[in-house]
Amino acid sequence: MDGRYLSDAAHFPGGHAAAIAVPRTTAEIPAIVRAALTLLPVGAQSSLTGGATPMGEIVLSTEKLARILDIGGGSIRVEAGVPIASIQHVLASHDAWFPPVPTFTGAFAGGTVATNAAGAATFRHGSVRPWVQALDVVLADGSELTIVRGEHTARDGRLRVPTTSGTIEVPVPAYRMPRVDKVSAGYFAAPGMDLIDLFIGS
Ligand SMILES: Cc1cc2nc3c(=O)[nH]c(=O)nc-3n(C[C@H](O)[C@H](O)[C@H](O)COP(=O)(O)OP(=O)(O)OC[C@H]3O[C@@H](n4cnc5c(N)ncnc54)[C@H](O)[C@@H]3O)c2cc1C
């Protein structure tokens, strides 16, 4: 087994994995998720928390999912494994940039969304959260979901999640979020929240 997947930038000791999966296409992901008892998706493993250090899970590395799919109209659509530096490079050729850059631009798109990453520019432009318009998600049962901001908001304290295997209802978390510029501890929660925000920073 390739030991480079067994720790992240926190250098938390004791990392070990049941297996390493390195899909080349997103179409492979649902089957990997369904086959895994426990799964740890990882990006560049630049987490400073130990959150990207496996403790016996199957590691799903997104490093080969590195295609830039579309750019234009003020947005860019990328696979999870595209480094932020590559996004900035491509955007620069369109006289654009991704404002809420974390300090480490080797981090991947998927990792920055999963951690609701932030950087010095966050004081002016916010964290990654408000800059994410849509996500393709694979849920723990392998079902797939495309979420576009504004299409699914909570009603009566519940979010309705339309997956390929039926609609799941989940309650909006009951706790109150602290009023700070970046939060990625626990799921986002707010009355009338957008479903996409349940995944960003999750
Ligand atoms: C020098 C340095 C500077 C840093 N500066 C900042 C900073 O300014 N701001 C900041 O916020 N962070 C910073 N970080 C921390 C880290 O770079 C960010 O949190 C980054 O967003 C993590 O991205 P990654 O691709 O490395 O994700 P990883 O470290 O691989 O994963 C982080 C977490 O996200 C999950 N995850 C990753 N990809 C996916 C996916 N596709 N789907 C679902 N879950 C996924 C993992 O399971 C893990 O829980 C810094 C790190 C370093 C080493």
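Just so we're clear, the structure is a prediction, and the values are computed from it rather than from any experiment. (Residues numbered from 1 in each chain as written. Predicted model: local features only at pLDDT ≥ 70, side-chain atom pairs only at ≥ 80, totals over all residues. Heavy atoms only, no water.)

Chemist: Which residues make up the overall build of the protein, and what values go with them?
Modeler: When helices and strands are tallied, the protein shows 5 helices and 9 strands. Each helix and strand of the protein, placed in order from N terminus to C terminus, yields the pattern β-α-β-β-β-β-α-α-α-β-β-β-β-α. The C-alpha atoms of the protein give 17 Å as radius of gyration, which agrees with the globular expectation for 202 residues (17 Å, within 12%). Along the three orthogonal principal directions, the C-alpha set of the protein runs to about 45 × 40 × 30 Å. Put simply, of all contacts in the protein between residues at least 6 apart along the chain, 50% involve residues at least 24 apart. Considering the protein, the positive charge centre built from 15 side chains and the negative charge centre built from 17 side chains are found 4 Å apart. (Helix = DSSP H or I, 4+ residues; strand = E, 2+ residues; numbered from the N terminus. Rg over C-alpha atoms; globule rule 2.2 N^0.38 Å. Contact = heavy atoms within 4.5 Å. Lys, Arg positive; Asp, Glu negative; His and termini not counted. Charge placed at Lys NZ, Arg CZ, Asp CG, Glu CD.)

Chemist: I'd like a rundown of helix α2 (residues 84-92), residues and numbers included.
Modeler: Structurally, the α-helix is built with 3.6 residues per turn, so residues lying three or four positions apart point the same way. Those residues of α2 lying buried are Ile84, Ile87, Gln88 and Leu91. Seen along its axis, α2 keeps its buried residues to an arc of 95°; they face one direction. Summarising the contacts, the buried residues of α2 are in contact with β4 (68-72), β5 (75-78) and α3 (109-114). (Buried < 20%, exposed > 50% of the residue type's maximum accessible area, 1.4 Å probe, protein only. Arc of directions from axis to C-beta.)

Chemist: Help me get a handle on the environment of Val59, residues and values and all.
Modeler: As for its position among the elements, Val59 is in strand β3 (residues 58-61). On the basis of relative accessible area, Val59 is assigned to the buried category, the value being 0%. Not counting residues up to four positions away in its chain, the partners in contact with Val59 are Tyr5, Ala17, Ala19, Ile20, Ala21, Leu40, Val42 and Pro54.

Chemist: Which residues make up the layout of surface pockets, and what values go with them?
Modeler: Each pocket or cavity is described by its volume, and for the second largest pocket that value is around 180 Å³. Here the lining of the second largest pocket is built from residues that sort into 5 nonpolar, 2 polar and 4 charged. (1 Å grid on protein atoms, 1.4 Å probe; cavity = no way out; pocket = protein on both sides within 12 Å on 5 of 7 lines; lining within 4 Å. Points joined across faces, edges and corners; volume = space filled by probe spheres on them. Nonpolar A, V, L, I, M, F, W, Y, C, P; charged D, E, K, R; others polar.)

Chemist: I'd like to hear about the nonpolar core, residue by residue, with values.
Modeler: By size, the foremost hydrophobic cluster in this structure holds 29 residues, and its most contacted members are Leu135 and Phe199. Of all the secondary-structure elements, those providing two or more residues to this core are α2, α3, β6 (134-138), β7 (144-148), β8 (158-163) and α5 (196-199). Not counting the four nearest positions on each side in its chain, Phe199 is found in contact with Val113, Leu135, Val137, Leu139, Leu145 and Ile147. (Core = buried A, V, L, I, M, F, W, Y, C linked by side-chain atoms within 4.5 Å.)

Chemist: Residues and numbers for the sheet that holds β3, please.
Modeler: Ordered in space as β1-β3-β2, the 3 strands form an open sheet in which the pairing is parallel. Each end of this open sheet is capped by a strand with a single partner; those strands are β1 (19-21) and β2 (39-42). Strand after strand, the sheet turns through a mean of 25° between neighbouring axes, direction not considered. Where β1 and β3 come together, 3 bridges link them in parallel fashion. Residue pairing in the sheet places Ala21 in a bridge with Leu60 of β3. (Pairing = 2+ DSSP bridges. Axes fitted to C-alpha atoms, helices over the stretch in contact; angles between N-to-C directions.)

Chemist: Summarise the side chain of Ser143; cite the residues concerned and give the values.
Modeler: Checked against the element boundaries, Ser143 lands in the loop between β6 and β7. Side chain to side chain, Ser143 and Asp141 meet in a polar contact 2.6 Å long. Filtering out sequence-adjacent residues up to four positions away, Ser143 remains in contact with Val137, Val138, Thr163, Thr164 and Ser165. (Polar contact = N/O pair within 3.5 Å; in protein donor to acceptor, adjacent residues only side chain to side chain.)

Chemist: Give a detailed account of the site of the ligand, specifying residues and quantitative values.
Modeler: Taken together, 28 residues surround the ligand, and among them Pro41, Gly43, Ser46, Thr103 and Ala118 come closest. Note that an oxygen atom of the ligand is positioned 2.8 Å from one of the backbone N or O atoms of Gln45. Between Phe108 and the ligand, the recorded distance is 2.9 Å, taken from a backbone N or O atom to an oxygen atom. If you list the elements that add at least two residues to the shell around the ligand, you get β2 and α3. A per-element tally of the shell around the ligand places α3 first, with 4 residues. (Near = heavy atom within 4 Å.)

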